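Secondary and tertiary structure notes
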Amino acid sequence: MPGAQILLVEDDEVLRDLLCLNLQARQHQVCLAADAQAALMCLRTLPFDLVILDINLPDQTGWEILRVAQKENWLQARAWGEESAKLPVVVVSAVRISLARLKEFPLLAYLPKPFPIEALLRLAEEAARRGWQRAQSA
């Protein structure tokens, strides 16, 4: 089974590199973005199975990226259904996020920093399986 196509949006270079190396070691293809503008450019030009999104970015917040994604109908429904072809998002953030904010967007998961990398790797594996299943049924 091929790995997932993942967009990793993280402005902390050390964390971004660590996550990228771990994801690539498990055969995932990773596109890196250090800010919101780079993330939006990637989202508009490449297909992804999963987005890993930091909230505190240097130019805009991750919430702004999610608003654009919602407006452009990229976000998937709350449950990861077999029929869904929309984009699952995992939010990672050092800032505690309110329940109201989490309800605003259909997220696959929220991982507060610091988080166990195994949790993120499991989500990436699930994204790879879902992407592979969609490709097989197409």
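The following refers to the structure shown. (Residues numbered from 1 in each chain as written. Predicted model: local features only at pLDDT ≥ 70, side-chain atom pairs only at ≥ 80, totals over all residues. Heavy atoms only, no water.)

Here's the deal with the overall build of the chain
What counts, and what does not: Helix and strand assignments follow DSSP, with helices taken as H or I runs no shorter than four residues and strands as E runs no shorter than two, numbered in order from the N terminus. Buried means the residue's accessible area, taken with a 1.4 Å probe over protein chains only, is under 20% of the maximum for its type, while exposed means over 50%, and partly exposed covers the values in between. Residue exposure ignores everything except the shown protein chains as possible cover, and the areas themselves are Shrake-Rupley values with a 1.4 Å probe.
From N to C terminus, the chain includes five helices and five strands. In the chain, the order of α-helices and β-strands from amino to carboxyl end is β-α-β-α-β-α-β-α-β-α. When the 138 residues of the chain are sorted by exposure, 48% land in the buried category. Counting every atom, the chain has about 7300 Å² of accessible surface; 55% of that belongs to carbon and sulfur.

Comments concerning the pattern of salt bridges
Where we set the bar: Take a side-chain nitrogen of Lys or Arg and a carboxyl oxygen of Asp or Glu: if they are within 4 Å of each other, that pair is a salt bridge.
As enumerated under the stated definition, the model contains eight salt bridges in all. Between Glu 104 and Arg 67 there is a salt bridge, with its nearest N and O atoms 3.5 Å apart. Taken together, the residues Glu 104 in helix 4 (residues 99-104) and Arg 67 in helix 3 (residues 62-71) connect sequence positions 37 residues apart. When its relative accessible area of 34% is taken as the criterion, Glu 104 is described as partly exposed.

Quick notes on the packing of aromatic side chains
For the record, the criterion: Within 6.5 Å between ring centres, the rings of Phe, Tyr and Trp (the latter by its six-membered ring) count as paired, and their orientation is classed by plane angle as stacked under 30 degrees, edge-to-face over 60, tilted in between.
Using the criterion set out here, one finds one aromatic pair in the structure. Judged by centre distance (5.6 Å) and plane angle (15°), the rings of Trp 63 and Phe 105 are stacked. A residue pair is termed long-range when its members are at least 10 positions apart, and Trp 63 in helix 3 and Phe 105 in the loop between helix 4 and strand 5 (109-112) qualify at 42 residues. Of the two residues, Trp 63 and Phe 105, neither departs from the other in class, the shared state being buried.

A short note on the nonpolar core
For clarity, the cut-off: Side-chain atoms within 4.5 Å are what join buried Ala, Val, Leu, Ile, Met, Phe, Trp, Tyr and Cys residues into a set we call a nonpolar core. In this analysis, two residues are considered to be in contact whenever any of their non-hydrogen atoms come within 4.5 Å of each other.
Leu 7, Val 9, Leu 43, Val 51, Ile 65, Leu 66 and Val 89 are the most contacted members of the largest nonpolar core, which totals 27 residues. Broken down by secondary-structure element, the contributors of at least two residues to this core are strand 1 (5-9), strand 2 (29-33), helix 2 (36-45), strand 3 (50-54), helix 3 and strand 4 (89-93). Top contributing element to this core by residue count: helix 2, with five residues. In contact with Val 9, not counting residues within four places along its chain, are Ala 33, Asp 35, Ala 39, Val 51, Ile 52, Leu 53, Asp 54, Leu 57 and Ile 65. Judged by nonpolar contacts, the second largest core, of 23 residues, contains Leu 23, Val 92, Phe 115 and Leu 120.

Quick notes on helix 1 (residues 13-25)
Given 3.6 residues per turn, any residue in an α-helix points the same way as the ones three and four places further on. Inclusion rule: A helix is expected to span 1.5 Å for every residue after the first. Taken from the helix axis, the directions to the C-beta atoms give the arc we talk about. Polar contact criterion, stated in full: a pair of N or O atoms within 3.5 Å, where within protein one must be able to donate a hydrogen and the other to accept it, and residues adjacent in sequence count only if both atoms are side-chain atoms.
Taking 1.5 Å as the rise per residue, helix 1 with 13 residues should run 18 Å; its terminal C-alpha atoms sit 18 Å apart, in good agreement. Residues of helix 1 that are buried include every one of Leu 15, Arg 16, Leu 19, Cys 20, Asn 22 and Leu 23, and no others. Looking straight down helix 1, one finds its buried side chains confined to an arc of 165°; they lie on one side. The outward face of helix 1, more than 90 degrees from its buried face, is lined by the exposed residues Glu 13, Val 14, Leu 21 and Ala 25. Its side-chain oxygen at 3.0 Å from the backbone nitrogen of Val 14, Asp 12 defines the N-terminal cap of helix 1. Positive backbone phi, approximately 70°, marks Gln 27, located one or two places after helix 1.

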